[in-house]
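# Coordinate analysis (summary)
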Amino acid sequence: MFLYDTKMRKKVEIQPLSETLKVYACGPTVYRDAHVGNMRTFLLNDLIHRTALAKGWKVKLIQNITDVGHMVDDTDLGTEDKMLEQSKKEDLTALAIAKKYEAKFHQDLNRLNILPATSYPKASETIDLMVQLIQKLIDKKHAYQGADGSVFFDARSFSEYGAISGNRLADLKPGHKFETEVDDNKKFHADWALWKLAPPTRTQLIWDTPWGSGFPGWHIECSAMSLDLLGDEIDIHTGGIDLRFPHHEDERAQSNAASEKEVVKHWVHAEHLLFEGRKMSKSSQNVVLVEDLINKGLNPLSLRLVFLEHRYRQQLDLTWNTLQAADKTLTRWYRLIAELKKVCQPVVDEEYLSQIKGFIENDLDTVNAILTLREVEKSTSISNEVKLHTFLSAEKWLGLGFDQDFIEKEVNFSEAVLNLAAERKVARANKDWKKSDELREQLSALGVEVLDTAKGQELNQLP
Ligand code: AMP
Ligand code: ZN
């Protein structure tokens, strides 16, 4: 399997360092519903997971749940913890907020057919690991207690800082993007907090430590959880492209400094999902949830298909039209599989599957894998038996629900719709195309699309 390694800046062959492929995926901050942009990044883990399983590899995939330490503007300074801000908004404890949104995160993973990770450690339940790691970094002179008692990582003690993102320390000026104010407690402007002392106003999510009562920084969480659960030889670390810097740079510095070795072999990042031309994010107010798709009558797996129709490391501008088209394609494929199952048995033929496998293993080229499937669907020379086998077996990489029983959606059209459709049928029989077009328009205004197929007129409820 080949993947694009952000740090090496090239596509590289993945060869597991041990019997089991070890993958660490930065998970959600559970202060709100994950939007479909987050889900695109989480799908990257699933594609790696499924491809490795299909190769017969064992996989240990750890995805953390951030329920403390992630600040509102991603910096160390000044702002509130995202969990605490939401706790105030919803008048629930931070732990109740975490529980609520973690459950919804798992529900969304399930809706998108994302295979479960080996475990989902929570930051708030692994504070002891962070404390041990911070102490180790202090002992090794990579961390120090600042003027206010908070503990900071000494960025200049890690000479290789910046290899993932290209943001070298020498180029990071005070007041850069992730540092809105100068913190006098630090020795150097690019140092970051590992343990922060809690202000007196903070009443939740605080723990006692040798350095005082406080809470962890966001970056130390991932180092502590990944080193504990995967050890100091990790094959792949994933995340969205925005995590390259500072999150992954800081994580790499902490893990490598503590372990005195290069801990993560490959860093792999998913590009952003845009919606209506802008990065999907809460601040852009263009957030779409998996739930929104369902409410519009769309199969959530249509989102998965749209993602697969675009390469994970290219930006994708999502629209409702693309989702609707993918929903139709999926229904057509489910119908095809159901009909083929009625008339034949699958017959093993690896020709198209080996093409699909080749594309997927080539840096997750799902775009060409899906195109191959479209060719198989349309082909008049491929037998039904081979078509059925190809679709059913491609499921292991694609996860599009080809193995599920298909139940045709029951749509109860209103009497008005049925009357117009009947009128249109008569108009067409009389070759009155003008009238038939007018009736199509009227049906469309009622949210019903008309398709003229070989079997006659078909009605489709538009989402
Ligand atoms: P968060 O819950 O904010 O910690 O983000 C969870 C994951 O989603 C991270 O890996 C982010 O990089 C990723 N992410 C955030 N916004 C987007 C987006 N618009 N498209 C793709 N991934 C995103
Ligand atoms: Zn992380």
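Okay, the overall build of the protein next. Looking only at helices and strands, the protein features 14 helices and 15 strands. Classification of the 463 residues of the protein by burial places 54% in the buried group. The long-range share in the protein, meaning contacts at least 24 apart out of those at least 6 apart in sequence, stands at 73%. Accessible surface for the protein amounts to roughly 20900 Å². Of this, 50% is attributable to carbon and sulfur atoms. Of note, the protein has its 60 positive side-chain charges centred 3 Å away from the centre of its 71 negative side-chain charges.

Per the stated rule, a full pass over the model turns up 30 salt bridges. Close ionic contact of E80 with K88 constitutes a salt bridge, the shortest N to O distance being 2.5 Å. The partner of E102 in a salt bridge is K122, and the shortest N-O contact between them spans 3.3 Å. Highlighted residues: E102 in helix α3 (residues 94-111) and K122 in the loop between α3 and α4 (127-139), separated in sequence by 20 residues. Put simply, R424, R428, R440 and D452 are held in one network by salt bridges that share partners.

Attention shifts here to the site of ligand 1. Lining the immediate environment of ligand 1, one finds 19 residues, of which T29, N38, T41, D242 and L273 sit closest. At 3.3 Å, a side-chain N or O of R32 approaches an oxygen atom of ligand 1. Expressed as a share of its isolated accessible area of 500 Å², the protein-covered part of ligand 1 is 94%. Every element with two or more residues in the shell around ligand 1 is listed here: α1 (36-54) and β9 (234-240). Per-element tally for the shell around ligand 1: the top contributor is α1, with four residues. Of the residues belonging to the shell around ligand 1, the class tally is five nonpolar, ten polar and four charged.

With that settled, the discussion passes to the sheet that holds strand β5 (residues 143-145). Spatially, β5-β6-β7-β8 is the arrangement adopted by the four strands of the open sheet, whose pairing is antiparallel. Each having just a single partner strand, β5 and β8 (214-216) make up the two edges of the open sheet. Across this sheet, the average inter-strand angle for adjacent strands is 20°, counted without regard to direction. Sheet topology note: the strand β7 (residues 192-197)/β8 ladder contains three bridges and is antiparallel. Looking across to β8, one finds that K196 is bridged to F215. Packing against the sheet, α4 makes contact with β5, β6 (151-153), β7 and β8, and its axis sits at approximately 120° to β7.

When its domains are assigned, the protein resolves into domain 1 (2-270), domain 2 (274-398) and domain 3 (415-461). Using only C-alpha atoms to locate each centre, domain 1 and domain 2 end up separated by 31 Å. In total, about 2800 Å² of surface goes out of reach between domain 1 and domain 2, with carbon and sulfur atoms giving 61% of it. Ranking the residues of domain 1 by area buried against domain 2 places V36, R40 and R111 at the top, with a combined share of 25%. On inspection of domain 1 and its partner domain 2, the count reaches three salt bridges. One salt bridge in this structure joins D46 and R304, with 2.8 Å as the shortest N-O distance. Inspection of the region where domain 1 meets domain 2 yields 15 residue pairs in polar contact (both at pLDDT 80 or more).

Turning our attention to the packing of aromatic side chains. Counted according to the given criterion, the structure contains twelve aromatic pairs. An angle of 85° between the planes, with centres 6.1 Å apart, marks the rings of F105 and Y120 as edge-to-face. On the criterion of sequence distance, the pair formed by F105 in helix α3 and Y120 in the loop between α3 and α4 is long-range, its members being 15 residues apart. Side by side, F105 and Y120 carry an identical accessibility label, which is buried. Taking the centre distance of 4.6 Å and the plane angle of 10° together, the rings of F153 and W192 count as stacked.

Right, let's talk about the sheet that holds strand β11 (residues 273-275) for a bit. Reading across the sheet, the three strands line up as β12-β11-β13 and stay open at both edges, with mixed pairing between neighbours. One side of each edge strand has no neighbouring strand; the edge strands of this open sheet are β12 (278-279) and β13 (316-318).

Residues L398 and F402 are the most contacted members of the largest nonpolar core, which totals 125 residues. Examining the composition of this core, we find that eight residues originate from one element, α1, more than from any other. Summarising the domain contributions, this core has at least three residues from each of domain 1 (2-270) and domain 2 (274-398). Once residues lying within four places of it in the same chain are set aside, the contact partners of L398 are R304, L308, I360, A369, I370 and L373.

Along the chain, S379 turns up in the loop between α11 (366-378) and α12 (384-398). For S379, a relative accessible area of 17% translates into the label buried.

Our next topic: helix α9 (residues 320-343). For α9, spanning 24 residues, the distance from its first C-alpha to its last is 35 Å, which sits close to the expected 34 Å at 1.5 Å a residue. When α9 is considered as a whole, its buried residues turn out to be L323, A326, D327, T329, L330, W333, Y334, I337 and L340. Residues of α9 that are buried make contact with α7 (290-295), α8 (301-308), β13, α11 and α12.

As a further point, take the packing of α1 against α12. Between two packed helices, what matters for the description is the angle formed by their axes and the separation of those axes. With their axes 7 Å apart at the nearest point, α1 and α12 run at an angle of 125° to one another. In terms of orientation, α1 and α12 fall into the oblique class. Contact with α1, carried on its side by L47, R50, T51 and A54, involves E395, K396 and W397 of α12 and no other residues of that element. Taken together, the residues of the contact of α1 with α12 sort by class into three nonpolar, one polar and three charged.

Rules used throughout
Residues numbered from 1 in each chain as written. Chains lettered and ligands numbered in written order. Predicted model: local features only at pLDDT ≥ 70, side-chain atom pairs only at ≥ 80, totals over all residues. Heavy atoms only, no water. Helix = DSSP H or I, 4+ residues; strand = E, 2+ residues; numbered from the N terminus. Buried < 20%, exposed > 50% of the residue type's maximum accessible area, 1.4 Å probe, protein only. Contact = heavy atoms within 4.5 Å. Areas by Shrake-Rupley, 256 points an atom, 1.4 Å probe, with all protein chains shown as cover. Lys, Arg positive; Asp, Glu negative; His and termini not counted. Charge placed at Lys NZ, Arg CZ, Asp CG, Glu CD. Salt bridge = Lys/Arg side-chain N within 4 Å of Asp/Glu carboxyl O. Near = heavy atom within 4 Å. Polar contact = N/O pair within 3.5 Å; in protein donor to acceptor, adjacent residues only side chain to side chain. Nonpolar A, V, L, I, M, F, W, Y, C, P; charged D, E, K, R; others polar. Pairing = 2+ DSSP bridges. Axes fitted to C-alpha atoms, helices over the stretch in contact; angles between N-to-C directions. Domains from an automatic or database assignment. Buried area = accessible area lost by both parts, 1.4 Å probe. Phe/Tyr/Trp six-rings, centres within 6.5 Å; stacked < 30°, edge-to-face > 60°. Core = buried A, V, L, I, M, F, W, Y, C linked by side-chain atoms within 4.5 Å. Expected span 1.5 Å × (residues − 1). Parallel < 35°, antiparallel > 145°, perpendicular 65-115°, else oblique.

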